[in-house]
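# Descriptive analysis of the structure
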Amino acid sequence: IFEIFKNNYLEPGSLSGNAVYTIYESNDQILWIGTYAAGINVYKKEKQKFNLLNTICQKGQRLNNRSVLCFAEAPNGEILVGTDGGGLNVLDTVNNSIKYITTKNSSLHSDIIKTLYFDKYGYLWIGSYGKGLCRYNYQNGLKSKSKVFLEGKGIWKIIGDHDGNIWIASLNTIYTIYLHKSGEIKSEPNIKLEAALGITNDMMLDSKGNIWVCTAS
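### Description of the overall build of the protein
Broken down by element type, the protein carries zero helices and 17 strands. Taking 2.2 N^0.38 as the reference for a compact globule, 217 residues should give roughly 17 Å; the C-alpha atoms of the protein span a radius of gyration of 18 Å, in line with that estimate. With the C-alpha coordinates of the protein rotated into their principal frame, the extents come out at 50 × 40 × 30 Å. Every one of the 217 residues in the protein was classed for burial, and the buried ones make up 45%. For the protein, long-range pairs separated by at least 24 residues make up 40% of all intrachain contacts whose partners lie at least 6 apart in sequence.

Dropping the structure here:
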């Protein structure tokens, strides 16, 4: 049985918008729903309603861009929000505050963030729309980064396998980046699959180590 949730301006606690781009479950089992142009909805299963993020942040604090493309949870529990033009919005769920990481105040290589992934060594990988991907030291506020990989390409999804290696989906090509056991980058992106996939929309790793790829054809 499916239940459909939609925006209804007459119903408090409904979705803020119907263009849902991403859903993420954090370790505390809270659902973060990112919409295009309507911000973030926070859903706690026991309350059975949606709260707009603005209602739980400190007074005057807002997302710097209301079009949300992806989420990730940092090792310290912060929720990272990738936006369509506002870079990263970092949510401190303990103090209910937001900080902004953009190309203007960090080494972030793009303000359009399509995908986020923390690897097993605690580094943050960021994939952008049309500007490739980088790996960042999250602990220093993204003040330093690796070289830009796949520069000029759109990165739709980044995941890690059971060995800690990085898998990247870019349009109709899947790449891998191999890491040393120390966490250092071992290789340039290697093409694993190409062309026959069609447009790649998503990837996931299952419990057996299989990589599943979602395509548009």
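### Some points on the environment of lysine 147
Relative to the helices and strands, lysine 147 is located in the loop between β11 (133-136) and β12 (157-160). The partly exposed category is assigned to lysine 147, whose relative accessible area is 47%. For the pair lysine 147 and leucine 133, spaced 14 residues apart in sequence, the C-alpha separation works out to 8.6 Å. Contacts of lysine 147, omitting those with residues within four sequence positions, involve Leu133, Cys134 and Glu188. A polar contact is formed between the side chain of lysine 147 and the side chain of glutamate 188, at a distance of 3.3 Å.

### A few points about the sheet that holds strand β4 (residues 49-52)
With antiparallel pairing, four strands are arranged side by side in an open sheet as β1-β2-β3-β4. Two strands close off the open sheet at either side, each with one partner strand: β1 (20-25) and β4. Adjacent strand axes in the sheet meet at a mean angle of 25°, parallel and antiparallel pairs treated alike. Where strand β3 (residues 40-44) and β4 come together, four bridges link them in antiparallel fashion. Residue pairing in the sheet places valine 42 in a bridge with asparagine 51 of β4.

### What to know about the nonpolar core
Core analysis: the biggest nonpolar cluster contains 17 residues, and Leu80, Leu88, Leu116, Leu124, Ile126, Tyr138 and Leu142 have the highest contact counts within it. Looking at this core, the elements that each hand over two or more residues are β5 (68-73), β7 (88-92), β9 (113-118), β10 (124-128) and β11. Per-element accounting of this core gives the leading share, three residues, to β9. Apart from the residues within four sequence positions on either side, isoleucine 126 is in contact with Leu88, Leu108, His109, Ile113, Thr115, Leu116, Gly132, Leu133, Cys134, Tyr136, Leu142 and Ile158.

### Section: the pattern of salt bridges
This structure, assessed with the given rule, holds four salt bridges. Notably, a salt bridge pairs lysine 99 with glutamate 78, separated by 3.9 Å at the nearest N-O pair. Within this pair, whereas lysine 99 is found in strand β8 (residues 97-101), its partner glutamate 78 is found in the loop between β5 and β6 (79-83), the two being separated by 21 residues in sequence. For lysine 99, a relative accessible area of 43% puts it in the partly exposed group.

### Quick look at the state of the cysteines
Each disulfide consists of one covalent bond between the sulfur atoms belonging to two cysteines. Per the counting criterion, the structure on display carries zero disulfides. As a non-bridged cysteine, cysteine 70 has cysteine 134 as the owner of its nearest cysteine sulfur, 15 Å distant. Taking the relative accessible area as the measure of exposure, cysteine 70 reaches 6% and is therefore buried. No disulfide involves cysteine 214; its sulfur sits 16 Å from that of cysteine 70, the nearest cysteine. Judged by its relative accessible area of 38%, cysteine 214 falls in the partly exposed class.

Conventions used here
Residues numbered from 1 in each chain as written. Predicted model: local features only at pLDDT ≥ 70, side-chain atom pairs only at ≥ 80, totals over all residues. Heavy atoms only, no water. Helix = DSSP H or I, 4+ residues; strand = E, 2+ residues; numbered from the N terminus. Rg over C-alpha atoms; globule rule 2.2 N^0.38 Å. Buried < 20%, exposed > 50% of the residue type's maximum accessible area, 1.4 Å probe, protein only. Contact = heavy atoms within 4.5 Å. Polar contact = N/O pair within 3.5 Å; in protein donor to acceptor, adjacent residues only side chain to side chain. Pairing = 2+ DSSP bridges. Axes fitted to C-alpha atoms, helices over the stretch in contact; angles between N-to-C directions. Core = buried A, V, L, I, M, F, W, Y, C linked by side-chain atoms within 4.5 Å. Salt bridge = Lys/Arg side-chain N within 4 Å of Asp/Glu carboxyl O. Disulfide = S-S within 2.5 Å.

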